[in-house]
Structures are given as structure tokens and as C-alpha cells.
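Descriptive structure summary
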Amino acid sequence: MARKSSVLQRAAIAVFSVIAIYAILNASVSRSLPSSSDLPRQLIREEQEREAPPIQPRVKVYMYDLPTRFTHGVIEQHAIVRGGGGGMMKKPTSDVTALKYPGHQHMHEWYLFSDLNRPESDRSGSPITRVLDPADADLFYVPVFSSLSLIVNAGRPVEPGSGYSDEKMQEGLIDWLERQVWWRRNGGRDHVIPAGDPNALYRILDRVKNAVLLVSDFGRLRPDQGSFVKDVVIPYSHRVNLFTGEIGVESRNTLLFFMGNRYRKDGGKVRDLLFQVLEKEGDVTIKHGTQSRENRRAATKGMHTSKFCLNPAGDTPSACRLFDSIVSLCVPVIVSDSIELPFEDVIDYRKFSIFVEANVALKPGFLVKMLRKIGRKKILEYQREMKLVRRYFDYANPNGAVKEIWRQVSQKLPLIKLMSNRDKRLVLRNSTEPDCSCLCTNQTGLITSI
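Because the structure is a prediction, the values reported are computed rather than measured.

Another point: the packing of aromatic side chains. Within this structure, the stated rule accounts for 20 aromatic pairs. Measuring from centroid to centroid gives 6.3 Å for Phe-343 and Tyr-392, while their planes differ by 50°, and the two rings are tilted. With Phe-343 in the loop between β10 (331-335) and β11 (354-355) and Tyr-392 in the loop between α14 (376-389) and α15 (401-410), this residue pair connects regions lying 49 residues apart in the sequence. In this structure Phe-343 comes out as buried when scored by relative accessible area, which is 3%. Classification of Tyr-392 by relative accessible area gives buried; the value is 13%. In textbook terms, an aromatic cluster arises when at least three aromatic residues are bridged by ring pairs, as seen for Tyr-236, Phe-323, Phe-343, Tyr-349, Phe-352, Tyr-392 and Phe-393. Directly above the aromatic system of Phe-243 lies the positively charged group of Arg-252, at a separation of 4.8 Å from the ring centroid.

Given below as C-alpha cells:
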């Protein structure tokens, strides 16, 4: 009997031991697993962590310390030739860096130069960072004032007494660049050069065409010199004041407004024809006018009080008037069949612009009849869209044109690396075949109109 009691006692102890061990293990595992209510949230969090894109490192840009004659020296020459400094500047100054860059429609070169000269602490959110050691750089910025140089020497040949030559500036620039080891390393492919004026750097384009060119359009470039693949289309600097009022049509009594040079070359010849079609329409204001302070004031007033603004081609497909229209909240009516536009990967221009083929726009009565049919609701919709995107065309806006240009430039880096490595391994190339870095869009010539 005692033996049977002892056996039962040992069995009971064993059972209790197993139960205790199970309870301890179960409690430990339970603490490590989410409850049924927490499980969906944890699964969502893990899924988000897997899908979250990695933080992209900023592209490193080295800005060349160019000889003064390519930067501030151009400002100095402009002041001398144009009677700057209140008309008192007749000879070189001792400190050219103190001179103010003059206002004009291709001021991108000044804003980009100034941006890279700011402390990094003031460049928050920029897709690029400036490095001071060229060995650390992904890209190289060449801060030449190529568009201002054309203005100084606009009349080519050299104006009497100025002693300045844009052509000599260009030749001096390429001679300087081709002596730089970083330019020679990849034939300039990883360099970025501002050439906003359609005629900028025209004399040396074949020697800088490997670089990323910042251009307003491709009107004066051959397909082997410039393309969407390699280069960046940038906006003109707007020359009218930003419209600060609210959206609306009540104070916009003019149907269609245009003020600019009536007579242009090439595709711009459409302007004179549009004048002939529109100048007798009662609710249309269309005036001939060249760049001047007085005309800019008149253009500002006209755009701010008009529902639609005409944007015909200039000597090349683009013109600054488009960007004046946008900052004025005046709906652009674009008559330029070959126009290229900046930042189209993030901006759909059809949401706030009207595109009309040139041959259609020239039909008597067509344009005004079409615009008169567009009601208040649709105009307000256009204006709201313009208000959303106009920062992209404002170089003075901290989140505007400068930051967007750098974003576009940074996106060229993978192609630059690909082409640079490809060039190093290719020994023989058929020169009659197009370079894949110079592919152009819309090669069929098809266009879309309203």
C-alpha cells in the first residue's frame, strides 16, 4: 500500500512538472508574438518598410572657379557697353564681384551660380550638394554667363570702343576647359553648361555638345548637338511682375492679349500673320513692342487684366512670354508647333494652356470664336492649375526654378555614367549612325491641337 502511494505521488509530481514547464514556455512564446488585434498593424508596418524607397544620396556637384572674364567680368563689360552704374561707369572697376547682374530673360545663369555660392545650410531640400574637391564630384558645373555675353555683344561684330567680343569669350572658355583634367577624363560628358539664349555658345557648340546643356529650346541646335535625352530644357526668367491677386475673371476685361516684337525670323514669322488676323478684333489687344522698362509695365498691366495671353513662336519655338503669362494667371494660348517645354515629367501643360496649330490659328475668326466659347468655370480651372505650378517658373522662389533645374540635372547622372563607360570600351563607331544620347522626341512630326 505504501509502495502504491509512493508511485502515485511520483506520477503526480511528474504531471505537475510537465504542466508547469508548458505554462512557462507558452507564456514566453505569447509575449514574443503579436496578439490577434496587433497582427494586422504589424503586417502593414512590415509591408510599408519593405516598400519604402531608399533615401537617395544627393548628387555631388563641383563648380569651377572660372577666370573672372567668364563671370563677373561679363557683368562689368555689360555695365561699360550699356552705360550701367547710373551711366557713370566708363572704365573697369577694381571689384567686379560687387557689380549687380542685370535683369533680362535668361537670368538662370546668375541664379544657378548664386545658389551654388550659398552655404549648404541655406540649400535645404536641394537635390544636389556642392563639393569643393573635384575628385569627390559626380558632376561639374561651368558657371559661364553665356547669355549675358551675347547681350553685351548683341550686334556682332564688336561695338566700337567696347573692346569686347562674345566670340573671343567662347573661344577662351573652350580653350580653358580643354586644359582641365576633369573635362578631358570623359570628354565633358559629366559637365553642365548654361546656354539659355538660343544663340549662346554658337561658335563652340560642337566642342561642348557632350556636356549637359541648359537650353530654352532646341531651335538652333542640330540633333547631334542637343536633345531631351542629354540636355535640360529650362524656363525663361519672367519679365513681368507676379500677379498677387485671387483667381477670377471680373477684372480681366480683355479677351486676348499680346505685346511683343511683331517681326521675327523663321517660325516667328507667324507673329506678323497673327497681327493681321487679330488686330481688328474689338476685345483683343495686340501690340508691337520691344524690351524696355515702360513696355514691361504695359505688358504687366495687359496680362493681369486679360483672360488669355497669346504665345506665338519667336525666332525659335520658345519665348519668355509663356512664362510671363503663367505668373500672371493669364491662360496661355500657344501657337508654336515645335515648342519644347520645361519640366514636363511633373507638369501637364494641357491643364492650364491651350495649344493651337499655326495653320489653324491663322484662319480668320477661328481663334477669337474658340476663346469666346470658353466659360468662366473653365478659365477659373486653368487659373487654379497655373497657381499650383507657377513656382516652377520663378527663379527667386526657394522651391522654384533653380531647385527644379538641379533635379532635372541630377536625373541625367545614370545616363552620363553609362555613356562615359561605353565610350571607354568602344574602339570603332560608325559616325553616320546617331548617338543614342542624342535621340529626339516627336520624330514623326505629329502634333496635337485643340
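Now, onward.
This next bit is on the nonpolar core. Formed by 106 residues in total, the largest nonpolar core has its most connected members in Leu-173, Ile-193, Leu-256, Phe-308 and Leu-310. Beyond its immediate chain neighbours, meaning those up to four positions away, Ile-193 contacts Val-142, Val-144, Leu-177, Trp-183, Leu-201, Val-208, Ala-211, Val-212, Leu-213 and Leu-214. In this structure, Val-240, Phe-257, Val-327 and Cys-330 belong to the second largest nonpolar core, which totals eight residues.

In a beta sheet, neighbouring strands pair by backbone hydrogen bonds and run either parallel or antiparallel. One open sheet accounts for five strands, arranged β8-β7-β9-β10-β11; its pairing is parallel. In this open sheet, the two strands that pair with only one neighbour each are β8 (284-288) and β11. Both strand β9 (residues 306-312) and β10 contribute to a ladder of five bridges, which runs parallel. Paired with Phe-308 across the bridge in β10 is Val-331. Across the face of the sheet, helix α9 (residues 270-278) comes into contact with β7 (254-260), β8, β9 and β10 while running at roughly 140° to β8. Across the sheet, helix α10 (residues 293-304) is in contact with β7 and β9; its angle to β7 comes to roughly 160°.

Once that is clear, we can look at α9. Burial in α9 covers these residues: Val-270, Arg-271, Leu-274, Phe-275 and Leu-278. Buried positions in α9, seen along its axis, are confined to an arc of 145° and lie on one side of it.

This next bit is on the sheet that holds strand β4 (residues 191-194). Spatial ordering of the open sheet is given by β2-β1-β3-β4-β5-β6, a layout of six strands whose pairing is parallel. Bordering the open sheet on either side are β2 (128-130) and β6 (232-233), each of which pairs with just one other strand. Sheet topology note: the strand β1 (residues 59-63)/strand β3 (residues 139-141) ladder contains three bridges and is parallel. Across the sheet, residue Tyr-62 finds its bridge partner in β3, namely Phe-140.

Should the charged atoms of two oppositely charged side chains come close, the side chains can pair. The tally for this structure, following the rule as stated, stands at 24 salt bridges. For Arg-203, the salt bridge goes to Glu-167, with nearest N and O atoms at 3.3 Å. Linking Arg-203 in the loop between β4 and α8 (205-208) with Glu-167 in helix α6 (residues 166-177), this pair joins segments that are 36 residues apart in sequence. We classify Glu-167 as partly exposed; its relative accessible area is 27%. For the salt bridge of Asp-423 with Arg-189, the shortest nitrogen-to-oxygen distance reads 2.6 Å. Of this pair, Asp-423 sits in helix α16 (residues 413-425) while Arg-189 sits in the loop between α7 (181-186) and β4, and the two are 234 residues apart along the sequence. The class for Asp-423 is partly exposed, based on a relative accessible area of 25%. Residues joined by salt bridges that share partners form a network here, namely Arg-58, Asp-115, Arg-118, Glu-120 and Arg-123.

So, how was this worked out
Residues numbered from 1 in each chain as written. Predicted model: local features only at pLDDT ≥ 70, side-chain atom pairs only at ≥ 80, totals over all residues. Heavy atoms only, no water. Phe/Tyr/Trp six-rings, centres within 6.5 Å; stacked < 30°, edge-to-face > 60°. Helix = DSSP H or I, 4+ residues; strand = E, 2+ residues; numbered from the N terminus. Buried < 20%, exposed > 50% of the residue type's maximum accessible area, 1.4 Å probe, protein only. Lys NZ or Arg CZ within 6 Å of the ring centre and 35° of its normal. Core = buried A, V, L, I, M, F, W, Y, C linked by side-chain atoms within 4.5 Å. Contact = heavy atoms within 4.5 Å. Pairing = 2+ DSSP bridges. Axes fitted to C-alpha atoms, helices over the stretch in contact; angles between N-to-C directions. Arc of directions from axis to C-beta. Salt bridge = Lys/Arg side-chain N within 4 Å of Asp/Glu carboxyl O.

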